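Geometric and topological summary
Single-letter residue listing:
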Amino acid sequence: MRVLTLLGIAASLALVPDALAVKEKDFKTCSQSGFCRRGRALAARAKEASSWNSPYSVDASSVAISPDQASVTAGVKSLLYPEVKFELELRVHDDGVVRVRMDEVGGLKKRYDEASSWALIAEPVVSKTVQWTAAKDCIRAVYGPKKELEVVVSYEPLRVALLRNGKAQVQLNGHGLLHMEHFRTKEERKIEETSQEEEQVVLDTTNPRAWFEGDSEDGWWDEKFGGHTDTKPKGPESLSLDISFPFHPVVYGIPQHATTLALPTTLGDDATYTDPFRLHNADVFEYLASSPMSLYGSIPVMYAHSEESTVGVFNAVASETWIDIWHAKPQSSDTHWMSESGILDVFLLPGPTPADVFAQYGRLTGTAAMPAQWSLGYHQCRWNYVSSDDVRMVSRKMDEHDMPMDVIWLDIEYSEEHKYFIWDHKTFPDPVDMTKDVAAVGRKMVVIIDPHLKRTSNYPVYQEATERGLTVRKPNGQDEYEGWCWAGSSSWLDCFNPGSWKWYQDLYLLDRKREDGGWTWAESTEDVHIWNDMNEPAIFNGPEITMPKDMVHYGGWEHRDVHNINGMLFTNQTWQALKARSTPAKRPFVLTRSFYAGSQRWGAMWTGDNLGTWEHMAVGLKMVLANSIGGMPFAGSDVGGFFGNPEPEMLVRWYQLGAFNPFFRAHAHIDTKRREPYLLDEPYRQMLKDILRLRYAQLPIWYTAFHQSAVTGVPILRPHWVMFPKDVNGFALDDQFFVGDSGLLVKPITTPETTEASVYLPAEDQIYYNYFTHLAYRSSKKGKTVTVPAALSEIPLLIRGGSIVPTRERPRRSAPLMKHDPFTLRVALDKAGAAAGTLYLDDGETYAFEQGDFVYRDLAAETKSKVLRISSRDLAASPRLLQVGREVSLDVYSPGNAYAKEIAGVRVERVVVLGAGKPKKVTLGDGGRELVWEFVPGVAAGGKKEGTASVLTIKDPKALIVEDWDIVITL
Ligand code: NOJ
């Protein structure tokens, strides 16, 4: 039970007693969800039937190719309901993605068809070169640069297959589980009400409808769960679809679940879980560390992988969805998607490499927004810093202990009676001055704004929303929905209402007056950024702690249709609001708990209320990796664990893990003891300080990785299968990963009393260097597991040979203060004496980079004829970039841009070369100034001991970051 101790919330607590103690039983299993039960029963019947044919077929006479060949449409019928009409549409996009849509036409009602309009960044461009050809039993299009791709729609039964070089990659309805439940009237079938418990599936085999659909109207017209009744005015409208990936033995994706990265099976005798994976955004209190249960966010994208290729599907559905996974054949993956409502709108991503599928998904839903650079620093949060002076104290203490920090956070208790935006002046009398004090050392504040609006007359935000009719309605479409959250009796802003957008965004207009005379958040500054929590939405007295599905949004859509998108819209609005606050615009920071496909455009996510256990620490990493490949890479978990009081050992390990998460924030529940890093005793305090400093030193690596992700859609944390797609040993690895393409390989320790770690080195003949000790490990073409020291103060962190890693090693209080700091370059040579790396820099806060104000360097090392040459060149001028994100354009770049001028004096102050021979001479440029250097020879490996690499340190070469240069090392 969440126990709240502050006076301000005692009242609301009294109103939400046990609703807070959420347990597994508070959430549905598949067997408690009507459409999931129906979907699984359909699959079970199909499995048992000696012959099973999908009743859906294409009417060959209706097939129409658009005049420009851009799309093909066809009428589809179900043998069971010949009078019901469906329409299928296929389009091939210019990057080879195939979009498959199907909807009921002329039905009694309309299915929700707007999920993709919220998820997609723009309407995809359709290929101009595809040629469709129709045959008697199918229509096909062969396309791709080498005509290697083919999409085939078979008519009877309806099947869609995507092939590469004649080999099936993705198949829809291969198992015949497609079923779009059409709208019907209640009287249409003879109703024999059977409760879920009583139901006996005794099929009338002479009745084909019963053969396919089952012979009871199971959960069609209403459904009960946990004391709530879901009235279902539209009746059954679920969508069942099987998606198979022949020749692809592993599947990944569909975050958010607390499970392994390679998704376990949910069907079959040896299934890991008995329930399907569920996507239904939910506030799950004390969630399990291994479970297919849904959590706070849902991204319906799945990748299937083999040594040969990677493919994917993005299923643009916003309603509750369950996904079964099994392997009908050991080398294939099979999945069954069951959604409560919505049209069929599936995108087939042909790959064939991991980078290709990420780019294809990125072109659809957008890549992650380029973050403000400060937001990659360390965030200090707890529920709650209790006053302005408390905030000032934490900021000061971090300084006193020389610990860097960029952001200090305020949870819900800053607000008066949980009326968000309204400061509780008893404890926060001077919010603007407090923020200014924090900002004086380059820091920011993040303040929480939840989506529930306290229903009270002295809350202008609620009053304005309700007067304007901007809140979610009850099933009658008229009355305002009321539920319970932190603020007590509340209503919810309906972000689907177009009228809510400008109104909500204008709330943030600092001290400017609104055109409509409305309220604005005068007690805020540009240095205040936002945390959107509870946006699933979490509703303490709602079914499954969320909004009843029969509540109504703008346009008459039921909450059931839009549930998984709801949270994303709120963060989208918040993002737009923050962006509009400053001129020129500054990059906002918004943290969200709930998310959907596309949320990456509006900021970061975290994994919610984890427990302070080793198990949760470990699964948090897997969840962050799943989000990384799910297109939402700005991700992290509460460092320290939200619940509980971690021992110093656990806290140190959690900081080590957090420092290698894109989003690095410590957070704690209101009942926990204070645990700011300076509060620990020695030697732990020093360990935390070292970790924080390591994170700050490596900010250039993170920023470069974020930029690459924004441009290409590749994840920031890269699991092994992404880096080494052909190395089968790495397919299931999810406790170690690479950071961008920096060459850093990390294995955070998530177990107690650990002194060493087994790290798997990928299948390649390559040297890996210990980042701290320079021990050198040699991998092999078969891959190799090595033992790396991991005493409590040590993080198993390796640099892959062939990498150049830029860092900034001057300790500072916050990231913006590092703006003009010099760089260290670690050059880790491969066995050929070569290495490469990149460095991306811009002002870190505005959008001037979109106008070409940035610096992008190509760093390289090469050994030829006894000369090792380390060089820096202008990468922006080279054509090596593949652009997916639409925010970053290289067309407008010029080497002499304003930002390049601003950092004109920034230099390289140290170059550390690992694995080089002893130099005779080191100069800047051929025949140029001689540089000062120091050489420590390597120690050869002996017995079981690893050798140590040689270390050549070149001192202050004064090579300027914005200029081309060569350091010439004569060996
Ligand atoms: C739930 C969030 O997950 C948690 O991080 C936060 O502290 C509480 N809500 C209170 O706002």
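Attention in this report is confined to the structure presented alongside it. (Residues numbered from 1 in each chain as written. Predicted model: local features only at pLDDT ≥ 70, side-chain atom pairs only at ≥ 80, totals over all residues. Heavy atoms only, no water.)

What follows concerns the packing of helix α6 (residues 388-400) against helix α7 (residues 431-439). Any two packed helices are characterised by how steeply their axes cross, that is the angle between the axes, and by the distance between the axes. It is at 10 Å that the axes of α6 and α7 come closest, and there the two elements cross at 0°. It follows from the interaxial angle that α6 and α7 lie roughly parallel. Residues S388, V391 and R392 of α6 pack against D433, M434, D437 and V438 of α7. Taken together, the residues of the contact of α6 with α7 break down into 3 nonpolar, 1 polar and 3 charged. (Axes fitted to C-alpha atoms, helices over the stretch in contact; angles between N-to-C directions. Helix = DSSP H or I, 4+ residues; strand = E, 2+ residues; numbered from the N terminus. Parallel < 35°, antiparallel > 145°, perpendicular 65-115°, else oblique. Contact = heavy atoms within 4.5 Å. Nonpolar A, V, L, I, M, F, W, Y, C, P; charged D, E, K, R; others polar.)

Now for the sheet that holds strand β36 (residues 744-746). Spatially, β34-β35-β36-β41-β38-β39-β50 is the arrangement adopted by the 7 strands of the open sheet, whose pairing is antiparallel. Unpaired on one side and paired on the other, β34 (717-718) and β50 (947-948) mark the two borders of the sheet. Taken together, the 2 bridges between β34 and strand β35 (residues 737-739) define a ladder with antiparallel strand orientation. Looking at β35, one finds that R718 is bridged to F738. (Pairing = 2+ DSSP bridges.)

Around the ligand, the structure places 13 residues, and the nearest of them are D411, D533, R593, D609 and H667. At 2.9 Å from an oxygen atom of the ligand is found a side-chain nitrogen or oxygen belonging to H667. Burial of the ligand by the protein amounts to 100% of the accessible area it has alone, namely 300 Å². Looking at the shell around the ligand residue by residue, the class counts come to 8 nonpolar, 1 polar and 4 charged. (Near = heavy atom within 4 Å. Polar contact = N/O pair within 3.5 Å; in protein donor to acceptor, adjacent residues only side chain to side chain. Areas by Shrake-Rupley, 256 points an atom, 1.4 Å probe, with all protein chains shown as cover.)

A word on the sheet that holds strand β30 (residues 604-606). If you walk across this open sheet you meet the 9 strands as β31-β30-β29-β28-β24-β23-β22-β33-β32, and the pairing is parallel. Where the open sheet ends on each side, the last strands, each with one partner, are β31 (635-636) and β32 (638-639).

Across all of its chains, the model carries 74 salt bridges by this definition. Measuring nitrogen to oxygen at the nearest pair gives 2.8 Å for the salt bridge that ties R593 to E536. Linking R593 in the loop between β29 (590-592) and β30 with E536 in the loop between β28 (528-532) and α10 (559-579), this pair joins segments that are 57 residues apart in sequence. Salt bridges sharing partners connect three or more residues here, namely D230, K234, E237, R278, E320, E340, E544, K549, E558, R560 and D561. (Salt bridge = Lys/Arg side-chain N within 4 Å of Asp/Glu carboxyl O.)

Another point: the packing of aromatic side chains. Applying the stated criterion across every chain, the model contains 48 aromatic pairs. Centroid distance F285 to F643: 5.2 Å. Interplanar angle 90°. Geometry classified as edge-to-face. You can see F285 sitting in the loop between β16 (277-279) and β17 (301-305) and its partner F643 sitting in the loop between β32 and α12 (648-658), a full 358 residues away along the chain. Each member of the pair, F285 as well as F643, carries the same accessibility label: buried. Linked through ring pairs, W374, W409, W531, F589, W606, F634, F663 and F706 together constitute an aromatic cluster. A cation sits over an aromatic face here: K167 above F247, 4.6 Å from the ring centre. When the ring centre of W702 is taken as origin, the NZ or CZ atom of R695, which lies over that ring, is 4.5 Å away. (Phe/Tyr/Trp six-rings, centres within 6.5 Å; stacked < 30°, edge-to-face > 60°. Buried < 20%, exposed > 50% of the residue type's maximum accessible area, 1.4 Å probe, protein only. Lys NZ or Arg CZ within 6 Å of the ring centre and 35° of its normal.)

Right, let's talk about the pairing of strand β7 (residues 138-143) for a bit. As paired elements, strand β6 (residues 131-134) and β7 share 4 bridges and run antiparallel to each other. Within β7, the residue paired with W132 across the bridge is A141. Here 6 bridges tie β7 to strand β8 (residues 149-154), and the two strands are oriented antiparallel to one another. Residue pairing across strands places I139 opposite V153, the latter belonging to β8. The hairpin formed by β7 and β8 contains 5 residues between the paired strands, and G144 there has a positive phi angle of roughly 100°.

Another point: the state of the cysteines. By definition, a disulfide links two cysteine residues through a covalent bond between their sulfur atoms. Within this structure, the stated rule accounts for 1 disulfide. Bridging C30 to C36, the disulfide has an S-S length of 2.1 Å. For the disulfide bridge between C30 and C36, the dihedral angle about the S-S bond is near -105°, and by the sign convention the bridge is left-handed. Just so you know, C381 is unpaired, no disulfide at all, and the nearest cysteine sulfur is the one on C485, 17 Å from it. Given the relative accessible area of 1%, C381 is considered buried. Here C485 falls in the buried class, since its relative accessible area comes to 0%. (Disulfide = S-S within 2.5 Å.)

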